[in-house]
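# An overview of the molecular structure
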Amino acid sequence: RPCAQSLCQAADRGHNQNCMPGWRGNRAGNPKSIDWMTGLVCDGNPKESSPFINSSSASDVEKSQQYDGKNMALFEEEMDNSPMVSSILSSLANYSNLPQGSKEHEEAENEEGAAPSLGTLMGVYLPCIQNIFGVILFLRMTWMVGIGGVFGSFIIVFMCCSTVTGGSYYMISRSLGPEFGGAVGICFYLGTTFAGAMYILGAIELLLIYILPQAAIFKMEGLEGADMEAAMLNNMRVYGTIVLSFMATVVFVGVKYVNKLALVFLACVILSILAVYAGVIKTAFEPPVFPVCILGNRTLISKGFDVCAKVIERDNGTVTTKLWKIFCDSEFLNATCDEYFANNNVSEIQGIPGVSSGILNLFGYYLEKGDFLEKRGISAMQDPDAPITNSNRYVLADITSFFTLLVGIYFPSVTGIMAGSNRSGDLRDAQKSIPIGTIAAITTTSIVYMSAVVLFGACIEGVVLRDKFGEGVDGNLVIGTLAWPSPWVIVIGSFFSTCGAGLQSLTGAPRLLQAISRDSVIPFLKVFGHGKANGEPTWALLLTASICEIGIIIASLDAVAPILSMFFLMCYMFVNLACALQTLLRTPNWRPRFKFYHWALSFLGMSLCLSLMFICSWYYAIVAMVIATCIYKYIEFAGAEKEWGDGIRGISLSAARFALMRLEEGPPHTKNWRPQIMVLVSMDSEQNVEQPRLLSLTNQLKAGKGLTIVGTSVVGTFLNNHAEAQKADQSLRKLMETEKVKGFSQVVISSNLRDGTSHLIQVGGLGGLKHNTVLVSWPRTWKQAEDNLRFRNFIEVVRETTAASMALLVPKNIAAYPSNGERFTEGHIDVWWIVHDGGMLMLLPFLLRQHKVWRKCKMRIFTVAQMDDNSIQMKKDLITFLYHLRIDAEVEVVEMHDSDISAYTYEKTLVMEQRSQILKQMHLTKNEMEREVQLIHNKNPTSPTTPAGSAATPGSEVQMTWTDKAETQAAAGHPEQGGVKDIFNMKPNQSNVRRMHTALRLNEVIMKKSKEAKLVLLNMPGPPKNRMGEENYMEFLEVLTEGLNRVLLVRGGGREVITIYS
């Protein structure tokens, strides 16, 4: 609360000025008395700006004014830590919670501080398209179709695309625990780094084979077999190292240059793919001329001869060709020739017969390394015992091919799905854009890949498809032979796209490593969290380039692809597993917006990932799993004491102790918060539970997850009442079993019920496994004299839970709540959100709707607008906030304008205070109390249940507060008389009148909107700070909830329990 101006004028000017605790005073010009005696020290120190509870972002005077109106006086006791919803909705709707460091990084890259402006198309869809389409499509797709056949290739594409589709949605904005997160993060980092190496190798292959072969440092002409292969690999290593160094320098100089080139690279990818489809259409009418020379059934390398024939007719004579000279020892017809050349004819076939030719290439044709590429359907004369000669003149298989190898090589082409989520800071609406854009990109690329498999198989001859480097078609890129208007469109386009993808990998991988390092999850990586002054990850870039060089040294695109496949598959497998477990554990903040989500999809994705790992390469899979396991265990046990007991029980006890000690390390993060409930029940004389429906409600809230403690108190001593306590415990266990509540029972024996309840709240649980929420039933018969202690015990529970920062749930009319066997087929759960106390009111309906009893009920949220509030904007902000929370609910803003306090309000307040004073001053017995209450009604003929209708204002306003001093003045009257007659002449306390007015007005609008609701959730006002107005407090709550069938009063625990992140 604000400090008094007379003592703390400097506080308003921002000075560090202390206020005197306990000072009371009135604001000038305000006829009402304001309570200043909170004892709050106004030290002027700024608090962390937060739109949530305990916020001081608004000035204290503004916070006080929020409650000055008559409508909200019931909640003014909590103005210090529970702001009005209307005052914070704008902040909640615009709330963002970027991880540490990422916000600063975004600001460093964008000094102008422009708001995120990218939509789904530019921010997610196109970047994913660029990353998914890449080197494999242009360099290996045709070869894969030729080796695996259309059937086999289609199965590979479908399997890999299904694996990524199963995991893509859950990969996005899902944070795991540190162990899983560290292991997954390192796997993803290594996969991204090796992907950079793969793209660079692809670019070098395009350069040295198709664009500028004469640039080779190690000449390959005239070499055969292993010598030629070694020369090629050495060229890849030298040029790869040069390109890697250049790219790392570009990334080091500035990421903005990479981002500026991204659109150019993307345009290259799209134009190349369009050129392929245009070429396919053109083949139906005019197939391109790409002849392939076949000797017997073997494909010949097209270099070294010009005519595909042994001899030709010239000048009425027969002359030999260059091909003859290659296989024979002279150019004359009587020369000695290669045996296979002499026994077989030379034929020329069309390399691209076109889509209308009828070729299908349905089945696979797997080859051993060094095998000839042979044309199916052509017979050849060959002596199986004859030695193979002139093998360097034929197109040979460079590697041994099999189905699992094709899977490993192809899978990297579907691993670009994270490109959109990596740009979340630049998106206008990341929650909407990332899932839609990513899934749309996966769908588009899957269609393109699957159609490419069919079209390649239907347009291109099989021997050309199996010719990986285009040696039989004049050294052209095979996919380029299909493109229109020229093969160079594909060659140049694919070169730039692979260079762009390599730059993107070298940009993203160091940032991922820097984020892992800054989290201090893996201690020995801390050094890589440092960088330049603007946040650029210098050391992480250096390590990334070093690891990438390992892939360059391997030098083979076909060998590097399975390695990065392993790491990406490990990453997807872990995340799918974690998402499935979060669903099965029913984590409250796990609320996927994807409508068709089911945990079985995550398990299917996990199973596919695991299967693909071993399909690709079982030894790579084992190595990757060993690496991930070592990282996981290192993070889990770094600094942790390991203890092994004797036998299985000893291990279980050690694991339990370790888990409890881990829970002690600190409070749970908001996204992991779930209600751990202490249920306080009362027992009858037979030690049976009086409110069994409390446990039904507990089961519906918990669904068997988390901690539940059902506690009760037995009055007496431990020695005398131990048997009763055991009986009560058995009764609790039996009821918990009946209601299917998974948890623990706890019975304490105490000299009185008040102390016993307090002990349960204080000592329930063990270590970090403690309750954070108390569930207690409303004292239904609180007005009866014999239940006087019960309602006072109830109020003390409210005070103690507030002091202990625990949430409190108070179901009213608990007998009317549904049992676990009932089902609501329709209806609403209505939330009346008056003050923000951490989000409990949002979380509880979500949890209830997970249970089959409430599943069909729809959620409605009402909030109250005052006269000065913009109700239209409030509704927009509330809809935005719920959208960020991924909660589906109808929203309505109820306007409560200032109105005069009615005579009925005064009458009801006066009757309440008179009754309270009678009970306090005279301590009447039950019969006497009833007689005196009747006397009060006779003195006041207006029925308290019938409003007077006209507004009335008392002649003079009594300035009263809920302070001890003011209450004493109001209650004492003429203490020396001590008679009942002065009670009839008293005037109602203005503070109580305002609170009664709030209760009546709120009850009026709640009854109007929510009378037919299946359940109404409502902020529970706090009790008076003194103990003089406890009966009045109960009366206010009674009036507030009057006429409602099922009400759940909710008080937050002083912390946020719901977040926009999961």
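Predicted model only: the values in this text are computed from it and were never measured.

## Regarding the overall build of the protein
- Scanning the protein from terminus to terminus reveals 33 helices and 15 strands.
- Of the contacts made within the protein by residues no fewer than 6 positions apart, 80% connect residues no fewer than 24 positions apart.
- Taken as a whole, the protein presents about 47,800 Å² of accessible surface, with 57% of it coming from carbon and sulfur.

## So, the pattern of salt bridges
- Applying the stated criterion to the full structure yields 15 salt bridges.
- A salt bridge links Asp398 to Lys468; its shortest N-O distance comes to 3.1 Å. Here Asp398, found in the loop between strand 5 (346-350) and helix 13 (403-410), pairs with Lys468, found in the loop between helix 15 (462-465) and helix 16 (478-482); they are 70 residues apart in sequence, far enough to count as distant.
- Taking the shortest distance from any N to any O, the salt bridge between Arg799 and Glu796 comes out at 2.8 Å. Pair noted here: Arg799 and Glu796 are both in helix 26 (residues 788-803), with a separation of three residues, about one helical turn.
- Judged by its relative accessible area of 15%, Arg799 falls in the buried class.
- Through salt bridges that share partners, Arg140, Glu205, Asp398, Lys468 and Asp558 make up one connected network.

## Notes on the state of the cysteines
- Inspection of every chain in the model, using the stated rule, returns two disulfides.
- In this model Cys293 forms its disulfide with Cys308; the gap between the sulfur atoms is 2.0 Å. Between Cys293 and Cys308, the S-S dihedral sits near 85 degrees, and the bridge is therefore right-handed. Here Cys293, found in strand 1 (residues 291-295), pairs with Cys308, found in the loop between strand 2 (298-299) and strand 3 (311-314); they are 15 residues apart in sequence, far enough to count as distant.
- Given a relative accessible area of 16%, Cys308 falls into the buried group.
- One disulfide in the model links Cys328 with Cys337; its S-S distance is 1.7 Å. Taking the torsion about the S-S bond as the criterion, the Cys328 to Cys337 disulfide, at about 105 degrees, is right-handed.
- The class of Cys328 is buried, set by a relative accessible area of 9%.

## Side note on the side chain of Thr283
- Turning to its location among the elements, Thr283 is positioned in helix 10 (residues 255-283).
- Residues within four places of Thr283 in sequence aside, it is in contact with Pro288, Ile352, Gly354, Val355, Ser356, Cys459 and Leu482.

## Topic: the packing of aromatic side chains
- Across all of its chains, the model carries 18 aromatic pairs by this definition.
- Seen from their ring centres, Tyr340 and Tyr394 are 6.3 Å apart, and the 85 degrees between their planes marks the pair as edge-to-face. Taken together, the residues Tyr340 in helix 12 (residues 339-343) and Tyr394 in the loop between strand 5 and helix 13 connect sequence positions 54 residues apart. Comparing Tyr340 with Tyr394, the two get one shared label, buried.
- With a centroid separation of 5.4 Å and 85 degrees between ring planes, the pair formed by Tyr410 and Tyr449 is classed as edge-to-face. Here Tyr410 is found in helix 13, whereas its partner Tyr449 is found in helix 14 (residues 430-459), with 39 residues between them in sequence.
- For Tyr410, a relative accessible area of 0% puts it in the buried group.
- The class of Tyr449 is buried, set by a relative accessible area of 0%.
- In this structure, Lys310 packs its charged tip against the face of Phe341, placed 4.6 Å from the ring centre.

## Some thoughts on the nonpolar core
- Counting residues in each nonpolar core, the largest one holds 144 residues, and the members touching the most others are Met141, Val157, Met198, Tyr410, Tyr449, Phe456 and Ile460.
- Ranked by residue count, the leading element in this core is helix 8 (residues 178-211), at 20 residues.
- Those residues in contact with Tyr410 that sit more than four places away from it in its chain are Ile136, Met141, Met144, Ile156, Val157, Cys160, Cys161 and Tyr449.
- Of all hydrophobic cores here, the second largest spans 52 residues; its members include Val681, Val689, Leu732 and Leu1017.

## Focus: the pairing of strand 10 (residues 807-812)
- Most of strand 10 is tucked away, with six of its six residues classed as buried.
- Both faces of strand 10 are covered, namely the face carrying Ala807, Leu809 and Pro811 and the face carrying Leu808, Val810 and Lys812.
- Relative to strand 10, strand 9 (residues 773-776) runs parallel, the two sharing three bridges. Across the sheet, the residue bridging to Leu775 is Leu809, located in strand 10.
- Relative to strand 15 (residues 1047-1051), strand 10 is paired through five bridges, and the arrangement is antiparallel.

## Looking at the sheet that holds strand 11 (residues 828-833)
- If you walk across this open sheet you meet the 10 strands as 8-7-6-9-10-15-14-11-12-13, and the pairing is mixed. The open sheet has two free edges, formed respectively by strand 8 (744-750) and strand 13 (890-895), since each of these has just one partner strand. Direction aside, neighbouring strands of the sheet carry axes that sit 20 degrees apart on average.
- Bridge analysis of strand 6 (residues 677-680) against strand 9 gives four bridges, and the strand direction is parallel. Looking across to strand 9, one finds that Leu680 is bridged to Val776.

## Details of the environment of Thr283
- Given a relative accessible area of 1%, Thr283 falls into the buried group.
- Only 2.5 Å separates the side chain of Thr283 from the backbone oxygen of Val280, close enough to count as a polar contact.

## A short note on the confidence of the model for the protein
- Residues at a pLDDT of 70 or more form 75% of the protein, whose mean pLDDT is 76.
- Below a pLDDT of 50 lies the segment residues 1-70, which in the model reaches 115 contacts outside its immediate sequence neighbourhood of four places, other chains included.
- Below a pLDDT of 50 lies the segment residues 639-650, which in the model reaches eight contacts outside its immediate sequence neighbourhood of four places, other chains included.

## Observations concerning a nonpolar patch on the surface
- A grouping of Leu610, Phe614, Trp618, Tyr619, Ile622 and Val626 is seen on the molecular surface, where their side chains present a nonpolar patch of about 590 Å² in accessible area.
- Where the nonpolar patch is concerned, the elements lending two or more residues are helix 20 (599-616) and helix 21 (618-637).
- Of all the elements, helix 21 adds the most residues to the nonpolar patch, at four residues.
- Here Leu610 shows up in helix 20.

Calculation criteria
- Residues numbered from 1 in each chain as written.
- Predicted model: local features only at pLDDT ≥ 70, side-chain atom pairs only at ≥ 80, totals over all residues.
- Heavy atoms only, no water.
- Helix = DSSP H or I, 4+ residues; strand = E, 2+ residues; numbered from the N terminus.
- Contact = heavy atoms within 4.5 Å.
- Areas by Shrake-Rupley, 256 points an atom, 1.4 Å probe, with all protein chains shown as cover.
- Salt bridge = Lys/Arg side-chain N within 4 Å of Asp/Glu carboxyl O.
- Buried < 20%, exposed > 50% of the residue type's maximum accessible area, 1.4 Å probe, protein only.
- Disulfide = S-S within 2.5 Å.
- Phe/Tyr/Trp six-rings, centres within 6.5 Å; stacked < 30°, edge-to-face > 60°.
- Lys NZ or Arg CZ within 6 Å of the ring centre and 35° of its normal.
- Core = buried A, V, L, I, M, F, W, Y, C linked by side-chain atoms within 4.5 Å.
- Pairing = 2+ DSSP bridges.
- Axes fitted to C-alpha atoms, helices over the stretch in contact; angles between N-to-C directions.
- Polar contact = N/O pair within 3.5 Å; in protein donor to acceptor, adjacent residues only side chain to side chain.
- pLDDT = per-residue confidence, 0-100.
- Patch = residues over 30% accessible without salt bridge, like charges linked within 9 Å, V, L, I, M, F, W, Y side chains within 5 Å.

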